[in-house]
Every structure is written in C-alpha cells, then in structure tokens.
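Fold and geometry: a report
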Amino acid sequence: MSDLRDKIELIFENFTRNIYRHKIKYLVLMFVMIGLMSSSVFRLTVDTATESMLHEKDTSLIEYNKYRDQFGRTDIITVLIEAPDIFDKQFLKRLEKLHNDLKKKVPYLNKVKSLISIRNTHEKNGTLYVDELMKDFENRDLSEIKKRALKNPFYSNYILSSDKKSTVIMLETVARVSDNPEKERSTDNIDDDLDDVFDEEESVEEDDSWHYISADEKAAVNAAVRTIIAEYQQKKFKLTFSGGSVVVDIFNVTTSADTKRLMKIMTVVIVVFLFLLFRRISGVIMPFVIVNTSMISTLGLMAFTNTPISIMTNVLPGFLVAVGIADAVHVLSIFYRKYEEGSSKEDAICYAMGHSGLAIVMTSITTAAGLLSFSIAEIATISEMGYFAAAGVMLALIFTIILLPALIAVTPIVRKQTVAKENNSDRISKVLLYFSNISIRYPVQIIIVSFFFFIVSVYYICQLEFSSYILSYFPDKHPVKVDLKYIESKLEGTVAFEVVIDTGKEDGLYDPEILNSIERLTNKIIRIKSDSIYVGKIVTINDIVKETNQALHENRIEYYSIPQKREKIAENLFMFENGGTDDLEQICDSLFSKTRFSIRTKWVDSVEYEKFLDQLIKMFDDEFKGMAKVTVTGLSAIMARTIPAALKSMLDSYIVALFVITIFMLLLVGDFKLGLLSMNPNLLPIFMVMGLIGIAGLNLDINTLFIGSIALGLVVDDTIHFMYNFKKYYDITGSPEEAIRKTLLGTGRAMLITSIVLSLNFFVLISATLNHSIKFGLFTGIAIILALFADFLLAPAIMMLATKEKEVAIASNN
C-alpha cells in the first residue's frame, strides 16, 4: 500500500513540475476554460416557486399544468381595503379608480375582481341578468346595494371580509406569457363588454411560442401593485396586500440582498484569517482566485443549462467557498513551509502537491460522489443541487491541482527568514500538540465521552419532526409576515387547493347527483377549522347554480339550492352563461364535462398540507367513486406533495451518500476495520448538530437537512486528510503516537485554520434577515467546530486503540 502511495505521490510531483515549467500554456488553458464556463453567468435567474421544484415529467406538475391551461393560475394577489364605510359613495369612487388603475397599469393580468366588478345575478321580466354589483352605483340607492351584498353568501370571505367591514381586490395573473411581446395582448385593451373580454387560452394558442409566467414577471406584477397601492394609501383607505407570489418575491429579494451583503462580510473574514495564517498577500489572493473561479464557473454552468437558483441551490456559493478554501489552504500551508525552509518555488509546490495531492483528490471525489447521491432524488431542485455541487467540487479540484501551481509559478514570492525546522513553541503547534497528547493518553475516555454524546444526540434526533413553513423564515415583525397574517385574520384563507372533477362526458355537470355530491362535500369541508388546517372559503359551480335558481324565484332564500331536475340545471346554466358574464368559464369547461372545486385555507406548514391533501383525496374518491375522475392540484397541493417528499428524499440521499463515502474511506485506508472505524468521526458531528437542533426545539426542514450535507462534506474532507497522513506516517514510523503527532503538526495546522475560517464564515449568517439563514449559519458553524474536535480527538483515539489492538494480535501470533 505504501509503495503504491509513493508512486502516486511521485506522479503528482511530476505533473506539478510540468505545470510549473509550462505555466503560460496552462494559465491560458485554464482561463479559456473558465471564460467559456462563466460566460453565461449573467443570464442566471432565481426561481423559488413551488412548481419549479418538480421534474418536467412529474405527474403532479403535469396535472397542475393541465389545470392552469384550462382555468388559469391559482395564486391570487389579495389587496385588503379598510375604511369606516365600504359602501360609502366616496369610498366606492376611490375603489373604482384603484380597480381601473390596477387593471390598466399592472402587467400580465388576466382578471381583477372587486366590489366594483363582482357579479350580481338578478331577474327582470323573466330574463336573467348577470352584471356588476356596482354598475352605475352613483345613481343608485347604495343602501339597497349594501343590503344585497351583505345577504349574498358568495361574497363572504371572497370579496368581503368575514366581518363584512372591509373588502378586497383580487388580482389573477395570466398563466402563460407569449415569447413574442408584440403578439402579447395587454389588459389595457380589455373592455368591460363581454365580446371584448380577454381570453387567455385563445391568445396563447395564436402563438405557439410561450412560457408559463416566470419569477421575474411575477416580480414585475408585485412591483407594479406595490407602486399603485402606495399612491392610494390613506388613513381612511387603508391598503394591505399579499399572496403566494408576493411572499416568494420578497423571499427572493431579501435572500439576494442578504447574499450580496453577507458575501462582502465573508470576504473580509477570509482575507483577515488567510493573511494572519500566511502573512502574505499571495496567500490571500491565490485561494480567492480558486474559490471565485470555481463558484463563477459552476454558476455559469447553471445559467448555460437554464437552471435557476432555487431554494435548494441558494446554499451553493457558500458551500463552494468552503471546499475551495480548504483545498487551497492545505496545499499552500505545506508550500510556504517548504519554501521558507529553503526549497525553490518549483520544488516546494511539487512537494506540497505530492504530499497533499492524493488526499485532495480523494476528498473531492468522495464529496462529489456523496453529493451525486442527491441526483437520484424525485425532486428536481434536489437533483440539481447534487449535480452542480458535485461539478463545483470537481472544478475546485481541477483549479487547485492545475491553476494554483501555475499561479505560484508566475507570482513573485519573497522568502521570509524563518527557522528551517518545525517550531513546536509557536501557538498553533502548542494547540496541536495539546490535542495529540490528550488523544494519545486518554483514547478510551475520549471514546466513552463520544459515545455518550452520540446517545444523547440520537435521543433528541428522535424528537425532531419534519416541517416546511416559508413564513417561519421571516422574523415575526417582518412586513410580509405581518401583512399576510393580517389579511388571513380578515379573509380566513389566502391559498387554494384546487380539485378538478371530470365526469368524462359532455353535459355531465347537468346531473343533479354530481352537484349534490359537490354540495355534500362543500358542507363537510367548510367545517374543517382547526389549528392545523382552517378552511375559510369554498368556491364551486354550485354557487352559480344556486344563486341563479334563487334569482329566478324572486330572490327567495329557500330557492338558494340545487334544482333536482337535469333540465332545470341545464336551463339555469344556459341562462347564466348568456346573462352577460364570463364567470362560468372560470369554473368549468365549455362542454360542461369538468369543473373546479376551489378550497381556500390559511397558510400553514406544508406537512399539515400533506395530511389535508390525503384527507381530501379520500373524501373526494369516496364521494365520486364510479361517477367522476377527481384530481387534487393547485400550488397548495404541490406544496403538500413536494416539500415533505423533498425532506424524505434528502434523508434517502443521505443514506446513499454515507454508503458511498464509506466505500471511499475503505479504499483510502486500505483496511476494512480501520475504514469502518474512521467513519465514526464523520458521523458524530452530524448526529451532534442534529441533536442540538432537537434540543433547541427546532424542526427538520430543507435548510436544516442541508446543514448535514455541508457538514458531511467538510467532515469527510478533514477526516480523509487526517487518515491519509496518519497512515503515511504510521507506515514510516510504526508508532501510532508519533504518527498522530506528525499528522496534527502537519496537516492539522491546515485543518485548524480552515475550520476556524469556515466556521466564522458561516457564523456571519447570524446577521442575516431571514430566520432560516440565521439557523443555517449558526448550526453549520457549530458542525464545522464539532467536526474539528472529532478529527483532533476521536479519530486519533480510535487509531490509537485500533493499531494497538493490531500490534497485540500480531505479537500473539508470533
């Protein structure tokens, strides 16, 4: 094994010498490669939308796309308006003006609904009319309009608040946008007349080139709404707006702003500590070149493949900084030491690469292989994280192995006058010797204490529960959280589950049994009001059928019901359809074969949505068995499926990653027993940090699981460096004590410095705006420190006992 290792080290030395002597050629090659990969980086986009988490062929996404192609988007922007009297003429004039401004000035709008445009179904002389409630309101008796509005059950928790003292404007964006702006029909041209109403489906079909509305286009909608309502904001005309796209947009903007600010602070931290470590400008600049080229090249690859930054991949830059810095520091710490001892630059970098090259390759391959385990995930954004994080790790390896020696070759480096031997009296050496002596003297005690921490951690890990609640990412006093909670206190529901009921036959919705089933389910589901799920409003075709039936019977309340004759239902729907509104198009298809059942709930944890989704599926399947095909979709349903699936998928990927990493550790150590034992320092820090999360009373969400993935990558790196050097020195000296001391005094220095730098780097995130970033930074920083202690104490302790046991076994055989 040692002969093979010596041969590989010689290969690294010779390869590095070739790079050094042909530095210009390699520099040109590297920068051409970097330029090509990073050329697309400016086209990189951000998309944290729920639907973007799914693969294109995912059944849930396919069903959702069918839904929005038929009925439009489910994500509504809600503007709450409060005033002393919402039926006052001056208020209504201002509301009308706001309604029209939103309609004209907000891009990508399909519908604007408010008290001004809400339908009013009534009969006159045997003819059914469906017009606007506030039509010509200035010349009408407002008290009569108010009376009609307050009595209409459809308006409650829809266009009027639950207490009927405030009203809302609902903005529905288009689902699809033409790729040819000249063909895109603007809502500026929408007439109130039915003949001129914009039909989203028909306009898209005229142009085969289109896309579903993007995150940037949603952001443009939100910005326009925000600007307009600011102009109308008054003490007696109080406006509050929110919605799913608003929350996601603010999340994206805040994350982007935080990333820019925090990256600057992280840069300062890295610069300071690299300078303190190496006392050289070159020791600061060269690691930064490696880190930044790796990061920009990886982001460029994402842009080239049209892969946006997602809620999963937004941790990628920080992770690549950690990997790139660690690789460069391990090489440079040995290079500067040899250079200051008197070696030439060429000999020093060749020695450094020969000494650390194989370990760096093994750490990179192991980390990349572990990350690639995420590529098998069912969730697209987790797969993307696996692919691009692995690509970034391998790019950092290539730039460390090739670009770093070439940069050293062309960089003037002044030799410092230092003692040409290991100075065990310096502070770092004292710290390293302290740890080596403890692990040598008390290996049994260290293992017992570690086992105790492991047991305690497992106990608290078992208390953890899955969770994914985007609102919890925001501080309690953040405006987006305050506004959404406030609107929900008035409307009792801002997000929707959409159920598509397909009878499979033309005019199937005329069947009274179908509508009776819809009514029974409506009465059951509307009563679901608990801490976990609160159903505030249900909108179905029955609302239209019942209000039409009531209007045709002198508006008597007892006729607000479903006719029990097929012909009567068909007649009512026909009269409504020709009454002067397109509302029916928003609730069923033109063949009356399928309809939507819209359930509005308060925004809660996606894990609760998963339970509610299962409940809905069972209820609808039981009710419509043999009568109709039922599909539950919408953004809430996607959240209910994808977020919990993402959490479980990540756990599955961890198992695969640990298996892959174990195989690589066995190959590196060359001993089955030692290889398995060496996994303990990898696992303990992860178990401990997850245990700390449990002690803190937090839940397992996507971000806390990513803490484990980054910790695993960094822990494995340091453990491989320790095991590689320990094995090397043990083969030379035959003494585990001496091997531990030499390992910690050699590669231990780089491990200590990189761990301090990286933990401080992640601790910077504590100053972030969003809670999930704070939590991520705090626990990742703790994980890195715990990993360092594991590699400085537990790994040496295990090697002490394992090698002693091996020596005893050999002696007894002899």
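Here goes a summary of the coordinates provided. Not measured: the values here are computed from a predicted model.

1. Some thoughts on the pairing of strand 11 (residues 594-601)
Looking along a regular strand, one sees the side chains alternate between the two faces of the sheet. Within strand 11, 7 of the 8 residues are buried, leaving the element largely enclosed by the surrounding structure. The pairing of strand 9 (residues 495-502) with strand 11 spans 8 bridges and is antiparallel. If you follow A496 over to strand 11, its bridge partner there is R600. By the bridge criterion, 4 bridges tie strand 10 (residues 535-539) to strand 11 in an arrangement that is antiparallel. Bridge assignment links I538 to a residue of strand 11, and that residue is I599.

2. Describing the packing of helix 17 (residues 541-551) against helix 18 (residues 566-577)
Closest axis-to-axis distance for the helix 17/helix 18 pair is 9 Å, and the angle between their directions is 90 degrees. Classed by the angle they form, the pair helix 17 and helix 18 counts as roughly perpendicular. Residues I541, I544, V545, E547, T548 and N549 of helix 17 pack against K568, N572, L573 and F576 of helix 18. Along the lines of polarity and charge, the residues of the contact of helix 17 with helix 18 split into 5 nonpolar, 3 polar and 2 charged.

3. Brief notes about a nonpolar patch on the surface
A contiguous nonpolar patch, built from I24, V28, V32, L36 and V410 and spanning about 470 Å² of accessible area, is present on the exposed surface. Top contributing element to the nonpolar patch by residue count: helix 2 (residues 23-38), with 4 residues. Considering the arrangement of structural elements, one finds I24 in helix 2. The exposure class of I24 is exposed, given its relative accessible area of 55%.

4. Some words on the sheet that holds strand 11
Two pairing modes exist for strands in a sheet, parallel and antiparallel, and in both the strands are linked by backbone hydrogen bonds. Here we have 4 strands laid out as an open sheet, ordered 10-11-9-12, and antiparallel in their pairing. In this open sheet, the two strands that pair with only one neighbour each are strand 10 and strand 12 (629-633). For this sheet the average axis-to-axis angle between neighbouring strands, irrespective of direction, equals 20 degrees. By the bridge criterion, 5 bridges tie strand 9 to strand 12 in an arrangement that is antiparallel. Bridged to D502 within strand 12 is K629. Packing of helix 16 (residues 512-525) onto the sheet brings it into contact with strand 9, strand 10 and strand 11, and relative to strand 11 it is tilted by some 5 degrees.

5. Examining the packing of helix 10 (residues 316-340) against helix 11 (residues 345-372)
Between helix 10 and helix 11, the least distance of the axes is 8 Å, while the angle of their chain directions is 160 degrees. Compared by their axis directions, helix 10 and helix 11 come out roughly antiparallel. The two elements helix 10 and helix 11 cross, and the hand of that crossing is right-handed. Here the residues of the contact of helix 10 with helix 11 are counted per class, giving 12 nonpolar, 6 polar and 3 charged.

6. Focus: unusual backbone geometry
The phi torsion at E554 lies on the positive side, around 60 degrees, for a residue other than glycine. Along the polypeptide, E554 turns up in the loop between helix 17 and helix 18. Note on E554: relative accessible area 66%, which makes it exposed. Although it is not a glycine, N555 adopts a positive phi angle of roughly 60 degrees. Mapped onto the fold, N555 is located in the loop between helix 17 and helix 18.

7. Some remarks on the packing of aromatic side chains
On inspection of all chains with the given rule, the structure shows 24 aromatic pairs. Taken together, a centroid distance of 5.4 Å and an interplanar angle of 45 degrees make the contact between Y67 and F71 tilted. One end of the pair is Y67 and the other is F71, both in helix 3 (residues 59-71) and 4 residues apart, which spans about a single turn. The ring of Y212 carries R68 above its face, with NZ or CZ at 3.8 Å from the centroid. Its end group placed over the ring of Y351, K338 keeps NZ or CZ at 4.5 Å from the ring centre.

8. Some points on the environment of I533
Tracing the sequence through the fold places I533 in the loop between helix 16 and strand 10. According to the relative accessible area criterion, I533 is buried, its value standing at 5%. In this structure, the C-alpha to C-alpha distance between I533 and I702, residues 169 residues apart in sequence, is 22 Å. Non-local contacts of I533, meaning those with residues more than four positions away in its chain, are made with I528, V604, E608, Y609 and F612.

9. Concerning the pattern of salt bridges
Applying the stated rule across the entire model yields 26 salt bridges. Put simply, D258 and R261 hold a salt bridge, and the shortest N to O gap is 3.2 Å. Pair noted here: D258 and R261 are both in helix 8 (residues 244-278), with a separation of 3 residues, about one helical turn. In this structure, the salt-bridge partner of K546 is E519, at a minimum N-O distance of 2.8 Å. One end of the pair, K546, is in helix 17; the other, E519, is in helix 16, with 27 residues separating them in the sequence. Of the two residues, K546 and E519, neither departs from the other in class, the shared state being buried. Within the structure, one salt-bridge network assembled from shared partners comprises R17, R21, E346 and D347.

How each quantity is defined
Residues numbered from 1 in each chain as written. Predicted model: local features only at pLDDT ≥ 70, side-chain atom pairs only at ≥ 80, totals over all residues. Heavy atoms only, no water. Buried < 20%, exposed > 50% of the residue type's maximum accessible area, 1.4 Å probe, protein only. Helix = DSSP H or I, 4+ residues; strand = E, 2+ residues; numbered from the N terminus. Pairing = 2+ DSSP bridges. Axes fitted to C-alpha atoms, helices over the stretch in contact; angles between N-to-C directions. Parallel < 35°, antiparallel > 145°, perpendicular 65-115°, else oblique. Contact = heavy atoms within 4.5 Å. Nonpolar A, V, L, I, M, F, W, Y, C, P; charged D, E, K, R; others polar. Patch = residues over 30% accessible without salt bridge, like charges linked within 9 Å, V, L, I, M, F, W, Y side chains within 5 Å. Areas by Shrake-Rupley, 256 points an atom, 1.4 Å probe, with all protein chains shown as cover. Salt bridge = Lys/Arg side-chain N within 4 Å of Asp/Glu carboxyl O. Left-handed = near helix turned anticlockwise from the far one by under 90°. Phe/Tyr/Trp six-rings, centres within 6.5 Å; stacked < 30°, edge-to-face > 60°. Lys NZ or Arg CZ within 6 Å of the ring centre and 35° of its normal.

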